Amino acid sequence: MAITKILARKGRLDVGIRYVLNGDKTQEQILTAHHGCDPGRELQQMMETKAQYSKEGGVQYYHMIQSFRPGEVSPELALEIARTLVEEHLPGYQAVIGVHVDKAHIHAHILFNSVNAETGEKYHSSPQSYYRQIRAISDRLCREHGLSVILEGQGAGAVSYAEWLRQTRGQPTFRTMLEADLRDAIQDANDLGHFFLLMEHKGWEIRHGSRLGFRLRGQERFLVPGRKDPRYTEEGIRSAIQGELSAVDQGLRPAVIPRPAYHPFRPHPKYRGFLALYVHYLYLLGKAGQRQYPPRMTPRLRQAAAQAERYQKQFHFLRDNGIATPEDMGAFLTRTEETLADLTKQRTILNVRKKKRQALYTALADVEALAVTRRLYEDGISGMEEQFGRYLDAVARLEGYPREPLLREKAEVYQQLAEVNRQIRQERQKLALCREIQKEVPKIAKTIQPTMEPEKEVNRDECRRR
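Since this is a predicted model, take the numbers as computed values, not measurements. (Residues numbered from 1 in each chain as written. Predicted model: local features only at pLDDT ≥ 70, side-chain atom pairs only at ≥ 80, totals over all residues. Heavy atoms only, no water.)

**Regarding the side chain of E76**
You can see E76 is positioned in helix α3 (residues 75-89). Apart from the residues lying within four places of it in its own chain, the contact partners of E76 are A365, K410 and Y414. (Helix = DSSP H or I, 4+ residues; strand = E, 2+ residues; numbered from the N terminus. Contact = heavy atoms within 4.5 Å.)

Written as structure tokens, this is what we have:
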């Protein structure tokens, strides 16, 4: 399954190209491809296209992302799917492709020029172009390669990968809680007004307008579920309520669905007289504590919580690695840099081995990905000539090489590279954390200095009295 999204960018084109083709994320640019431009001259050729048609302003490029389910796709197949998507959806547009393997999920980044090199027209992104072209092509390519896709009944709108990942791990989000409450309220409501009343009783504030917005009390932003799912627009909710009532009339569902009773928040009662006296006495004895309420996450409180988590992480790092003095920190930095240098050498050796055999590895990926085109070509389906030709070239390149040993060799090289890259990332994280601690220690010392001065003054006074 591929989660796709497209972003319009007005920033610097060279920054976006460097990010997509980052060697640390693309196995030293092995998992990259170019469409309509030459490697090393992407920026120059894209800027020349803009200057040729006098369209240097506005959106500079579009950034498309395909995120695949962890463990479902190989890096080579992800690159092939992204390349095919560009060829079908972006004819005439200059594009660079990079498959990033630095995270648990493989994801392809596609950056393409906002100006068509052949026609001079600027690309315009819209929900129609996304669903009818990008999403449709991506889903079709996933089906052709045996990957899962998002079915229509699972939600018509696109979600971010982070939100999808939290949902697959069973972690609740505000959006999932809202959708669950919407479904319950739709099933229980007698009409639209009753639906709004139920949602308010569940703790949601409602914003009426062109689109319905819902916000938990204390939350900063309104969520607009109807933007991604038409079932949660006002018309969709009204139709769903009528459908539920029709199902009740036909005996297809019970009139009342048993659920746990909703108990709204009730403030703690204020005690008076003897009750207040006893409560105060129990508090002094330590048997009754002051009731604590969850604080509202204001921006300043959120920033303080993030800072506390960062300091706690730094403390655990220092404790686990036995770092107590600047000398310990210097020794740890030296060891980490030496380890990182050794790992970088190992990665260079593996990349040289991989580059020597890259033609064979690419042929293996083409044979696997384009095997279906042979049957389609032999069945007489038009449009398969180019793909079938690539399939024959790949088969010819592999002639004389046993397939199974070559597959094992390729898997071993990629696994070793992935492990070395993982270790390199860990060592770099250690270096970054050490440098961050070196910057934070003087700030922390300066912050706590005023709190330690009164204590010193008290000790001096005690010494004078003695």
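Okay, back to it.
**A few points about the pairing of strand β7 (residues 213-216)**
Alignment of strand β6 (residues 204-207) against β7, held across four bridges, turns out to be antiparallel. By the bridge assignment for β7, R207 is matched with G213. Hairpin connection of β6 to β7: five residues between the antiparallel strands. (Pairing = 2+ DSSP bridges.)

**Side note on the pattern of salt bridges**
Going through the model one piece at a time under the given rule, you end up with 22 salt bridges. A salt bridge links R347 to D24; the shortest N-O distance between them is 3.5 Å. With R347 in helix α11 (residues 326-356) and D24 in the loop between α1 (13-20) and β2 (32-35), the pair connects residues that are 323 residues apart, well separated along the chain. Across the pair E80 and R390 runs a salt bridge, and its minimum N-O distance is 2.9 Å. Taken together, the positions of E80 in helix α3 and R390 in helix α13 (residues 385-397) put the pair 310 residues apart, joining distant regions of the chain. Assessed through its relative accessible area of 23%, R390 is described here as partly exposed. A single network of salt bridges, built from pairs that share partners, joins D24, E28, R347 and R428. (Salt bridge = Lys/Arg side-chain N within 4 Å of Asp/Glu carboxyl O. Buried < 20%, exposed > 50% of the residue type's maximum accessible area, 1.4 Å probe, protein only.)

**Notes on a positive patch on the surface**
Positive charge collects at one region of the surface, where R207, R211, R227 and K228 lie side by side. By relative accessible area, R227 is classed as exposed at 53%. (Patch = residues over 30% accessible without salt bridge, like charges linked within 9 Å, V, L, I, M, F, W, Y side chains within 5 Å. Areas by Shrake-Rupley, 256 points an atom, 1.4 Å probe, with all protein chains shown as cover. Lys, Arg positive; Asp, Glu negative; His and termini not counted. Charge placed at Lys NZ, Arg CZ, Asp CG, Glu CD.)

**A look at the confidence of the model for the protein chain**
Scored by pLDDT, the protein chain comes out at a mean of 79, with 81% of its residues at no less than 70. Confidence, read as mean pLDDT per element, is least for helix α5 (residues 161-168) in the protein chain (51) and greatest for strand β4 (residues 95-100) (94). Ignoring residues within four places in sequence, the model shows residues 150-158, a span with pLDDT below 50, making 17 contacts including any to other chains. (pLDDT = per-residue confidence, 0-100.)

**What about the packing of aromatic side chains?**
Evaluation of the coordinates by the stated rule reveals eight aromatic pairs. Consider the rings of F112 and Y123, whose centres lie 5.0 Å apart with planes at 80°: the pair is edge-to-face. Of the two residues, F112 is situated in strand β5 (residues 107-113) and Y123 in the loop between β5 and α4 (127-144); the sequence distance between them amounts to 11 residues. By relative accessible area, F112 is classed as buried at 0%. A relative accessible area of 9% means that Y123 is categorised as buried. Pairing F317 with F332 gives two aromatic rings, centres 5.5 Å apart and planes at 85°, and the pair type is edge-to-face. Of this pair, F317 sits in helix α10 (residues 299-320) while F332 is found in helix α11, placing the two residues 15 residues apart along the sequence. Looking at F332, the relative accessible area reads 6%, which means it is buried. An aromatic cluster is built from Y62, Y93, F112 and Y123, whose rings are joined through pairwise contacts. (Phe/Tyr/Trp six-rings, centres within 6.5 Å; stacked < 30°, edge-to-face > 60°.)

**Digging into the packing of α1 against helix α2 (residues 42-52)**
Relative orientation of the contacting elements α1 and α2 amounts to 145°, with a least axis distance of 10 Å. Where α1 crosses over α2, the handedness of that crossing is right-handed. Residues L13, D14 and I17 of α1 form the contact with α2, whose own contacting residues are E42, L43, M46, M47 and K50. (Axes fitted to C-alpha atoms, helices over the stretch in contact; angles between N-to-C directions. Left-handed = near helix turned anticlockwise from the far one by under 90°.)

**Examining the environment of A8**
Turning to its location among the elements, A8 is positioned in strand β1 (residues 2-9). Taking relative accessible area as the criterion, A8 reaches 43% and is therefore assigned partly exposed. Linking A8 and M64, residues 56 residues apart in sequence, is a C-alpha distance of 8.8 Å. The contacts of A8, once residues within four sequence positions are left out, are V59, Y61 and Y62.

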